[in-house]
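Listed here are the chains, written in short residue letters.
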Amino acid sequence: MALHCTECGFVNGEGANYCQRCGALLPRTEGAGAEGGAGGAGGDPITATYRIDETGELVPMEMDEAMRHGPALVIRAGGGRVGESFPVEGERMSIGRRPDSEVFLDDVTVSRDHALLIHRGEDWHLDDCGSLNGTYVNRSRIESHHLQEGDEVQIGKYKLTFHAR
């Protein structure tokens with residue numbers, strides 16, 4: 001069964017959770033989802049999530065594992081890295097094109113020091129570091145933003161989702 005995006009009208013494949021054209025969350029009907037329990041409890045959509053192991057290979061992992069110790073950022077579109085996740089840890093995490101960034105996004109549309117995830121009190125905030133192309137949350141350019149569950153972060157050509165659960 002094809003899924004039509006409510007944002008742009010693109011026809012996506014049966015197992016898709018996000019639109020392949022615009023990255024919007026696709027609508028789900030009760031009982032939708034892949035066979036074998038991939039739909040989650042109550043029919044909630046599940047994102048395929050990966051981490052990079054010591055050899056540089058992608059290793060599948062469950063979203064619960066990615067968020068075991070707290071929030072996570074998951075790439076939804078861009079750079080052929082869809083599904084790669086970054087557990088949000090520590091007091092601050094750098095995002096950029098610099099190879100030693102905690103969230104390394106290797107593309108010319110991303111500044112070396114593009115943005116910072118900062119833990120303030122009980123909440124996570126995303127701060128732009130004066131990047132050339134800007135940092136966007138839910139399609140609005142930001143200088144600083146208090147992140148909440150499901151926020152769409154766009155940095156260069158990458159679209160990521162913040163999961164706070």
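This text gives an overview of the structure that appears in the document.

Basis of the calculations
- Residues numbered from 1 in each chain as written.
- Predicted model: local features only at pLDDT ≥ 70, side-chain atom pairs only at ≥ 80, totals over all residues.
- Heavy atoms only, no water.
- Helix = DSSP H or I, 4+ residues; strand = E, 2+ residues; numbered from the N terminus.
- Buried < 20%, exposed > 50% of the residue type's maximum accessible area, 1.4 Å probe, protein only.
- Contact = heavy atoms within 4.5 Å.
- Areas by Shrake-Rupley, 256 points an atom, 1.4 Å probe, with all protein chains shown as cover.
- Pairing = 2+ DSSP bridges.
- Salt bridge = Lys/Arg side-chain N within 4 Å of Asp/Glu carboxyl O.
- Axes fitted to C-alpha atoms, helices over the stretch in contact; angles between N-to-C directions.
- Lys, Arg positive; Asp, Glu negative; His and termini not counted.
- Polar contact = N/O pair within 3.5 Å; in protein donor to acceptor, adjacent residues only side chain to side chain.

Looking only at helices and strands, the protein chain has one helix and 15 strands in total. When each of the 165 residues of the protein chain is scored for burial, the buried share is 42%. Contacts in the protein chain between residues far apart in sequence, at least 24 positions, make up 31% of those at least 6 positions apart. A total of about 9,300 Å² of accessible surface is found on the protein chain, and carbon and sulfur atoms cover 49% of it.

This part covers the pairing of strand 14 (residues 152–155). Both strand 11 (residues 135–137) and strand 14 contribute to a ladder of three bridges, which runs antiparallel. Counted as the bridge partner of Val 137 is Val 153 from strand 14. Pairing geometry for strand 14 and strand 15 (residues 158–163), over four bridges, is antiparallel. Paired with Gln 154 across the strands is Lys 159, a residue of strand 15. Between strand 14 and strand 15, which pair antiparallel one after the other, the connecting turn spans two residues, and Gly 156 there sits at a positive phi close to 60°.

Looking now at the sheet that holds strand 13 (residues 144–146). Ordered by their spatial adjacency, five strands build an open sheet running 8-7-9-10-13, and the pairing between neighbours is mixed. Here the strands that pair on one side only, and so sit at the sheet edges, are strand 8 (103–104) and strand 13. As paired strands, strand 9 (residues 115–120) and strand 10 (residues 123–128) are joined by six bridges and run antiparallel to one another. The residue of strand 10 that forms the bridge with Leu 116 is Asp 127.

It is worth spelling out the pattern of salt bridges at this point. Evaluated as defined, the whole model comprises six salt bridges. With its nearest N and O atoms 2.8 Å apart, the salt bridge here joins Arg 98 to Asp 113. In this pair, Arg 98 sits in the loop between strand 7 (92–96) and strand 8 while Asp 113 sits in the loop between strand 8 and strand 9, placing the two residues 15 residues apart along the sequence. A residue is classified by how much of its surface remains accessible, and Arg 98, at 33% relative accessible area, is partly exposed. Among the salt bridges present, the one from Glu 152 reaches Arg 139, with a minimum N-O distance of 4.0 Å. Taken as a pair, Glu 152 in strand 14 and Arg 139 in the loop between strand 11 and strand 12 (140–142) lie far apart in primary sequence, 13 residues in all. By relative accessible area, which is 48% here, Arg 139 ends up partly exposed. Several salt bridges converge on common partners, so that one network encompasses Arg 76, Arg 139 and Glu 152.

This part covers the sheet that holds strand 5 (residues 72–77). With respect to topology, six strands assemble into an open sheet ordered 6-5-15-14-11-12, the strand pairing being antiparallel. Each edge of the open sheet is held by one strand with a lone partner, namely strand 6 (85–87) and strand 12. Put simply, the sheet's adjacent strands are angled 30° from each other on average, direction ignored.

Right, let's get into the side chain of Asp 151. Note on placement: Asp 151 falls in the loop between strand 13 and strand 14. The side chain of Asp 151 is buried and forms no salt bridge, while Arg 76, the nearest opposite charge, is found at 9.3 Å. There is a polar contact of 2.9 Å between the side chain of Asp 151 and the backbone nitrogen of Gln 148. Setting aside its immediate chain neighbours within four residues, Asp 151 contacts Val 137, Asn 138, His 145, His 146, Leu 160, Thr 161 and Phe 162.

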